[in-house]
Amino acid sequence: MKLSISAPRGHQIKAAVTITGSKSESNRLLLLQALYPGITIENLSNADDVRVMQKGLQVKQGEVDIHHAGTAMRFLTAYFATLEGADIVLTGSSRMKERPIAILVDALRRLGADIDYLGNEGYPPLGLRGRALELNQISLPANVSSQYISALLLVAPSLKEGLILDLEGQITSVPYIRMTLQLLEELGIRNEFTGQRIRVYPKAKVDPKLVVVESDWSSASYFYSILALSEEGSELLLSSYKANSLQGDSVLQNIYADFGVETSFEGHSIRLTKVGKAQINHLDCDLTEAPDLAQTIAVSCFGLGISCTLTGLHTLKIKETDRLLALEKELTKLGGKITTTNSTLQLEPSDEIVSGVAIDTYNDHRMAMAFAPLGLHTPITINDAGVVSKSYPYFWKDLKTISFDIREVS
Ligand SMILES: O=C(O)C1=C[C@@H](OP(=O)(O)O)[C@@H](O)[C@H](O)C1
Ligand SMILES: C=C(OP(=O)(O)O)C(=O)O
C-alpha cells in the first residue's frame, strides 16, 4: 500500500486521539501473565508485535513465528528455554534472521538452557527445548540491546533461586530495563538494581492483580512532531498517559518543549499545545536511553530547518532496518544534508524540502510514521505504508481524524 499524505496549510489542528497501549509494557505483561495467571491486563496494545507474542505464548510444541517483533523474539527465547516440556522452533521475518541474539542465547546456555541455532550461528531461528536452569548467576554484555537483559529478568522470578545478572560495559536503553523491574515490583516481585548488578528474587505465586498499560509514548512522538511543524495555537489531546511513566520515551515532553510544543496533563490525557516557534536553531541530543525517538526527532529537525547532532544511536543498525542508513537515504532524497557514523547522526539546516518524493520504509514502521508529519509542509508519498501495524495499526486512520488528507495511490 502506497499512501499520499498532505495536510491543509495555515490551519490550526484541534483534535483528540486515543493511542493504543505501550507495546513494550504489553509484551512484558503478557509473558508475566503466562507465568502468573492471576494478572489481568487492561489497555493492551493492538500492535502486530503484541498479537504475535500472545499467539506464541499459547504454543508449547511446534513452530512460533514472531515476524518482525524484536521483543517477542527475545522474550520468548527466555520463556521457552525455561518452560519445562517446551519444544519449539522460534523463527521470524528475514530481517529477524539478521538481528543478533547470541548474547542472550549464550547467557541462557551458561545457565543450563538447551538451545540450537537452526540457521546462522548467533541469529534466529532457534530450536529450544525448555528445562529447569541449573545456575542463578551470570554476566553478560549490556551495550548491544537491553532486550536480552529484560528477557532474562522477566523469567527470573520463576526460577528456583531467582537470578543475579552482572552487566558488562555501558548499559544501553536503561529505561527499558527499569520498566521491566518496575513491572515486577508492581506485581510484588522483589528486585534490586545497583551499579552493574541486578537481582530478582524468586516468586512462586502472584496475587490477583489488575495492571493498566499506559498508552505508547513512542507512538505519541509522531504527534509531537506534527505539532512542532504545525501552526501556533494547534492543540492535540492524547490519551491515556501517566505523569509517572515507566516509558523512557516520555522524555519527549522535554525535547519538544524546545520546538515550541508544551505538554500538560489533564487527568489521564496529555494536552500538547504549539505555543510558539522553536526556541533553538540547533539540537544536541544523546538518545542512548530513547533510541526509538531518533527517526521522529531527525525528521522534526529537518522539517523545522533546524540542525541537529544526535548521539547514542549505536543500537539503530540492528533494529527493524539499519535506521541510520535508512534516514540518510530518505532525508537526502528530500534535500537534507546529513552525515552518519555507526552511532551518530548530523543534520545541517535546510531551507527547502524537495516535493513529490516517495519515502521508502524498509519494513520499518518508524520510517513510515516519522516521515508522515512532513505532509504538513509538502505532499509526500509513503511506500509500503502498512508497515505501521507493527506498533500502531490505526496510525493512518488517526492522522485522518486530525485533518490530514491520506489517499491510496498506485
Ligand atoms: O525492551 C523493549 O521493549 C525495547 C527496548 C529497546 O531496544 P534495545 O534495548 O535493543 O535498544 C527499544 O528500541 C525497543 O523498541 C523496545
Ligand atoms: C526497535 C523496535 O522494536 P523491536 O526491537 O522490538 O523489534 C521499535 O519498535 O522501534
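If you're wondering where the values come from, they're calculated on a predicted model, not measured in any experiment.

1. Side note on the packing of aromatic side chains
- A complete count under the given rule lists 10 aromatic pairs for this structure.
- In textbook terms, an aromatic cluster arises when at least three aromatic residues are bridged by ring pairs, as seen for Trp217, Tyr224, Tyr241, Tyr256 and Phe259.
- Here the guanidinium or amino end of Arg190 rests over the ring plane of Tyr201, the centre of that ring lying 3.9 Å away.

2. Describing the site of ligand 1
- By nearness alone, 13 residues border ligand 1, and Ser24, Arg28, Ser145, Ser146 and Asp292 come closest of all.
- Taking Ser24, its side chain carries an N or O atom lying 2.6 Å from an oxygen atom of ligand 1.
- For ligand 1, an oxygen atom lies 2.5 Å from a polar atom in the side chain of Ser146.
- Burial of ligand 1 by the surrounding chains reaches 96%, relative to a free accessible area of 390 Å².
- Structurally, ligand 1 is housed in the largest cavity.
- At the level of secondary structure, the elements contributing two or more residues to the shell around ligand 1 comprise α1 (23-35) and α5 (146-155).
- Sorting elements by how many residues they give to the shell around ligand 1 places α1 first, with 3 residues.

3. Section: the UniProt feature "binding site: 3-phosphoshikimate" (unreviewed entry) in the chain
- The UniProt record marks Lys23, Ser24, Arg28, Ser145, Ser146, Gln147, Ser173, Asp292 and Lys319 with the feature "binding site: 3-phosphoshikimate" (unreviewed entry), using the residue numbering of this structure. Residues from the annotated list that form part of the lining of the largest cavity: Lys23, Ser24, Arg28, Ser145, Ser146, Gln147, Ser173, Asp292 and Lys319.
- With respect to the helices and strands, Ser24 occurs in helix α1.
- Leaving out residues up to four positions away in the same chain, Ser24 has contacts with Tyr176 and Met179.
- In this structure, Ser173 sits in the loop between β9 (163-168) and α6 (174-186).
- The exposure class of Ser173 is buried, given its relative accessible area of 4%.
- In this view, Ser173 contacts Ser146, Thr288, Glu289 and Pro291; residues no more than four positions away in its chain are not counted.

4. Some details on the sheet that holds strand β2 (residues 14-18)
- The 4 strands lie next to each other as β2-β13-β15-β14, forming an open sheet whose pairing is mixed. Either end of the sheet is taken by a strand with one partner, and the two such strands are β2 and β14 (261-266). For this sheet, the mean angle separating the axes of adjacent strands, direction not counted, is 20°.
- Examined bridge by bridge, β14 and strand β15 (residues 269-274) share 6 bridges and lie antiparallel to one another. What sits directly across from Val261, in β15, is Lys274.

Here is what the cut-offs are and how they apply
Residues numbered from 1 in each chain as written. Chains lettered and ligands numbered in written order. Predicted model: local features only at pLDDT ≥ 70, side-chain atom pairs only at ≥ 80, totals over all residues. Heavy atoms only, no water. Phe/Tyr/Trp six-rings, centres within 6.5 Å; stacked < 30°, edge-to-face > 60°. Lys NZ or Arg CZ within 6 Å of the ring centre and 35° of its normal. Near = heavy atom within 4 Å. Polar contact = N/O pair within 3.5 Å; in protein donor to acceptor, adjacent residues only side chain to side chain. Areas by Shrake-Rupley, 256 points an atom, 1.4 Å probe, with all protein chains shown as cover. 1 Å grid on protein atoms, 1.4 Å probe; cavity = no way out; pocket = protein on both sides within 12 Å on 5 of 7 lines; lining within 4 Å. Sits in = over half its atoms within 2 Å of the grid points. Helix = DSSP H or I, 4+ residues; strand = E, 2+ residues; numbered from the N terminus. UniProt positions renumbered as here; feature names shortened; annotations may be inferred. Contact = heavy atoms within 4.5 Å. Buried < 20%, exposed > 50% of the residue type's maximum accessible area, 1.4 Å probe, protein only. Pairing = 2+ DSSP bridges. Axes fitted to C-alpha atoms, helices over the stretch in contact; angles between N-to-C directions.

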